[in-house]
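# Residue-level structural notes
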Amino acid sequence: MFILNTWYIAAWGHEIADKPLARRICDQPVVLFRDLKTKQIAALEDKCCHRAAPLSMGVVVESGLQCGYHGVVHDCAGRCVHIPGQDKIPARAKVRAYPVVEKNEFIWIWMGDPELADESAIVDYPFNDDHRNWPHHRGFYHIKAGYMLMVDNLMDLTHLGYVHGSTIGGNPQTHVEALMDVTKTEDSLKYVRWMLNSVPPPTYLAAVPFKGRVDRWQEFEFSPPSNVLQWSGAVDAGTGARENGNRSGGFSLRIFHGLTPETENTCFYFYAPANGYRPEDEAATAALMDHISEAFMEDKLICEGQQARLDELGDGGLVDIVSDATRVQLRRIIRRMAEAEARQNAARAQEAVPRAAVPQT
């Protein structure tokens, strides 16, 4: 059901303060907390090793996370380090700890085999750390739809003119007829959509005083299995945006989209719209967040409706159309990841099986 040997966003860094945070990831209950001394993040199975009370109902203390039922304390590695009224701690008194990394304001978690967790595999997104040139706000939605439906939505922008007509969309035909520059490999997919000499959408007009029509781009990079990096914008038409790469002086925004599976049919959506057109203007950054959040609520509603109908009627009889090209490619990438993980798990399981004793002669 889930790809486990990969990094998912568990939370924004600011969400983990002085209290534990409960979150279900890949249908597993997880509790996150910050060590009082080192300020490092820890992620544990949300179940006390004593009587299975949720550790997220406890409190953070100097030695770790104290269960709110009987005061048993687990450290950042999941080991039980204190039992009230008892000096000896059983060796098996522990819970599972998950590898976590704090990077680019996100808390990343690895739900699979901890021996395979490689921090270098986490996608780089330095724009979240560049508050001067790319000021941003931090967004979060709980979505009642599977994460892959949301990734589909992000990587197929022909829906913009229909779902987002009053916000970031613009004319539907403009999106259908957009020029596409696509780059794909076995495990990555990137495209740039160009809408040359087009009418700027309402969000763009509210931010920048264009002279008239614009050359507009939408650059999307899929970082499998569940993250999408976006750079969108527009400049006055005919100023060389596509021909010579001149994308300065107009409207420009970057957005990190992070989808984390909660259950099979629900997910968490982390997003960070960054203002690249008036970075010194705090009001502009706030207005951008308002516009983008309004548009993303439109995505949320349509994808939740889609999920509800799939749950009810299944996907039998559905057909692909020309706008599904990128969606089909990204689904293939995810499927290959899942198949590779299944083969890896099968091989490790085979290695763990004791070999039959060879008769001695």
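A short tour of the structure in this document, coming up.

What counts, and where the lines are drawn
- Residues numbered from 1 in each chain as written.
- Predicted model: local features only at pLDDT ≥ 70, side-chain atom pairs only at ≥ 80, totals over all residues.
- Heavy atoms only, no water.
- Helix = DSSP H or I, 4+ residues; strand = E, 2+ residues; numbered from the N terminus.
- Contact = heavy atoms within 4.5 Å.
- Areas by Shrake-Rupley, 256 points an atom, 1.4 Å probe, with all protein chains shown as cover.
- Lys, Arg positive; Asp, Glu negative; His and termini not counted.
- Charge placed at Lys NZ, Arg CZ, Asp CG, Glu CD.
- Pairing = 2+ DSSP bridges.
- Axes fitted to C-alpha atoms, helices over the stretch in contact; angles between N-to-C directions.
- Parallel < 35°, antiparallel > 145°, perpendicular 65-115°, else oblique.
- Left-handed = near helix turned anticlockwise from the far one by under 90°.
- Buried < 20%, exposed > 50% of the residue type's maximum accessible area, 1.4 Å probe, protein only.

## Details of the overall build of the chain
Summing up its helical and strand segments, the chain has seven helices and 18 strands in all. When contacts within the chain are restricted to residue pairs at least 6 apart in sequence, those whose partners lie at least 24 apart make up 59%. When the accessible area of the chain is evaluated, it comes to approximately 18200 Å², of which 51% is carbon and sulfur surface. Looking at charge distribution, the chain has the averaged site of its 37 positive side-chain charges lying 3 Å from that of its 47 negative ones.

## Some details on the sheet that holds strand β3 (residues 28-34)
With antiparallel pairing, four strands are arranged side by side in an open sheet as β2-β3-β4-β9. The open sheet has two edge strands with one neighbour each: β2 (21-25) and β9 (97-98). Relative to β9, strand β4 (residues 41-45) is paired through two bridges, and the arrangement is antiparallel. Paired with L44 across the strands is A97, a residue of β9.

## Structural notes on the packing of helix α1 (residues 147-155) against helix α6 (residues 282-313)
With their axes 10 Å apart at the nearest point, α1 and α6 run at an angle of 130° to one another. If you check the angle between α1 and α6, you find them oblique. Relative to α6, the crossing made by α1 is right-handed. When α1 is examined against α6, the residues L149, M150 and N153 are found in contact with a partner set consisting of D299, I302, C303, Q306, Q307 and L310.

## Here's the deal with the environment of A342
Checked against the element boundaries, A342 lands in helix α7 (residues 325-352). Look at A342 and you get partly exposed, because its relative accessible area is 46%. Distance from A342 to Q306, taken between C-alpha atoms, is 28 Å for residues 36 residues apart in sequence.

## Observations concerning the pairing of strand β12 (residues 139-143)
On a regular strand, one side chain projects to one face of the sheet and the next to the other, so that they alternate. A one-sided burial pattern is seen for β12, the buried positions being G139, Y141 and I143 and the unburied ones F140 and H142. Across five bridges, the pairing between β12 and strand β18 (residues 266-275) is antiparallel. Bridged to F140 within β18 is F270.

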